[in-house]
Amino acid sequence: MTAISAILLALITGWMVPAPRLAMAAFIGPWLVVLIYQTAGIGLGHAVSPPQTVTQFPRVIGYVVVNAIILALGLTLSALIGERRSRAVPDAGRQTAREMAKRATLAGTVVVAALIVLDIADHAVLVWPESTAHHTTNPSPPLFGILSIALCLIGIAVLGTAALRRRAAARLGNQETRTAG
């Protein structure tokens, strides 16, 4: 659930806040809500993964590392989208960046709440009670999580390459200006 929310929140906050740092700040709060909800669900035995995934020391390391990677990917994508949007939105027509960040945080929180409601409905209606009664010792990652991580990586590769090319072109332009003057 953290990976799905990471891509959704990165899209929302990056698009709504054309300032990379504020886009990342708007991302963090709603994503932490999902992390807390997911961790509590696993710890209480309401997931396919056994509770030991988040309660026993050797096993919790993998959980923490995976979620740290997901957080880094979401923050990076949010910043890259925000940076891209900062060049497309004229300064005169912008609201204050802080107002945009607050609105993006609110929108992200609404999306996160919808994801949590869908997850609760999924467990209550669509999932058989036996699916969490017999936890697997080595659960496979969920398909939507893997796809979300892949989409984050693709977005970072595309937007990151474009950002690096712009910066290289700007440096080259500055060097040519210095040598000509």
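All of these numbers come straight from a predicted model, not from anything done at the bench.

S.K.: Explain the side chain of Gln38 to me, please; I cannot follow it from the model alone.
M.R.: Its location among the elements puts Gln38 in helix α2 (residues 20–43). What makes Gln38 buried here is its relative accessible area of 15%. Among the polar contacts made by the side chain of Gln38, one reaches the main-chain amide nitrogen of Met1 at a distance of 3.1 Å. The residues contacting Gln38, other than those within four sequence positions of it, are Met1, Thr2, Tyr63 and Asn67.

S.K.: Explain the side chain of Arg85 here, please?
M.R.: You can see Arg85 is positioned in helix α4 (residues 57–88). It is Glu83 that comes nearest to the buried, bridge-free Arg85 among opposite-charge side chains, at 11 Å. A polar atom in the side chain of Arg85 sits 3.1 Å from the backbone oxygen of Trp15. In this structure Arg85 touches Gly14, Trp15 and Pro18, once residues within four positions along its chain are discounted.

S.K.: Help me out: how do you make sense of the packing of aromatic side chains in this one?
M.R.: A ring pair, where both rings are aromatic, is described by two values, the distance of the centres and the angle of the planes. The tally for this structure, following the rule as stated, stands at zero aromatic pairs. If you follow Arg85 out to its NZ or CZ, it ends over the ring of Trp15, 3.9 Å from the centre.

S.K.: Teacher, can you tell me more about helix α1 (residues 2–16) here?
M.R.: Think of an α-helix as turning once every 3.6 residues; residues three or four places apart then point the same way. An ideal rise of 1.5 Å per residue puts 21 Å on 15 residues; α1 measures up with 20 Å between its terminal C-alpha atoms. Within α1, burial applies to Thr2, Ala3, Ser5, Ala6, Ile7, Leu9, Ala10, Ile12, Thr13 and Gly14.

S.K.: Got a minute to help me understand the nonpolar core in this structure?
M.R.: Side chains of nonpolar character tend, in soluble globular proteins, to be buried together. In this structure, Phe27, Trp31 and Leu77 are the most contacted members of the largest nonpolar core, which totals 25 residues. When residues of this core are traced back to their parent elements, those giving at least two are α1, α2, α4, α5 (97–126) and α7 (143–180). Sort the elements by how many residues they give to this core and α4 lands first, with seven residues. Those residues in contact with Leu77 that sit more than four places away from it in its chain are Ile7, Ala10, Cys152, Gly155, Ile156 and Leu159. Counting seven residues, the second-largest nonpolar core is a separate cluster that includes Ala23, Ala26, Ala101 and Ala104.

S.K.: What's the story with the packing of α2 against α4 in this structure? I'm lost.
M.R.: Think of two packed helices as two axes; the pair is described by the angle between the axes and how far apart they sit. In contact at an axis separation of 9 Å, α2 and α4 are set at 155° when each is read in the N-to-C sense. The angle between the axes of α2 and α4 places the two elements in the roughly antiparallel class. The crossing of α2 and α4 is right-handed. The residues of α4 that touch α2, namely those facing Pro20, Ala23, Met24, Phe27, Ile28, Trp31, Leu35, Gln38, Thr39 and Ile42, are Tyr63, Asn67, Ile70, Leu71, Gly74, Leu75, Ser78, Ala79, Gly82 and Glu83. Here the contact of α2 with α4 is composed, by residue class, of 13 nonpolar, six polar and one charged.

S.K.: How should a nonpolar patch on the surface be read in this particular structure?
M.R.: Where nonpolar side chains cluster on the molecular surface, the patch consists of Phe57, Ile61, Val65 and Ile69 and spans about 400 Å² of accessible area. Here Phe57 shows up in helix α4.

Reading guide: rules and limits
- Residues numbered from 1 in each chain as written.
- Predicted model: local features only at pLDDT ≥ 70, side-chain atom pairs only at ≥ 80, totals over all residues.
- Heavy atoms only, no water.
- Helix = DSSP H or I, 4+ residues; strand = E, 2+ residues; numbered from the N terminus.
- Buried < 20%, exposed > 50% of the residue type's maximum accessible area, 1.4 Å probe, protein only.
- Polar contact = N/O pair within 3.5 Å; in protein donor to acceptor, adjacent residues only side chain to side chain.
- Contact = heavy atoms within 4.5 Å.
- Lys, Arg positive; Asp, Glu negative; His and termini not counted.
- Salt bridge = Lys/Arg side-chain N within 4 Å of Asp/Glu carboxyl O.
- Phe/Tyr/Trp six-rings, centres within 6.5 Å; stacked < 30°, edge-to-face > 60°.
- Lys NZ or Arg CZ within 6 Å of the ring centre and 35° of its normal.
- Expected span 1.5 Å × (residues − 1).
- Core = buried A, V, L, I, M, F, W, Y, C linked by side-chain atoms within 4.5 Å.
- Axes fitted to C-alpha atoms, helices over the stretch in contact; angles between N-to-C directions.
- Parallel < 35°, antiparallel > 145°, perpendicular 65-115°, else oblique.
- Left-handed = near helix turned anticlockwise from the far one by under 90°.
- Nonpolar A, V, L, I, M, F, W, Y, C, P; charged D, E, K, R; others polar.
- Patch = residues over 30% accessible without salt bridge, like charges linked within 9 Å, V, L, I, M, F, W, Y side chains within 5 Å.
- Areas by Shrake-Rupley, 256 points an atom, 1.4 Å probe, with all protein chains shown as cover.

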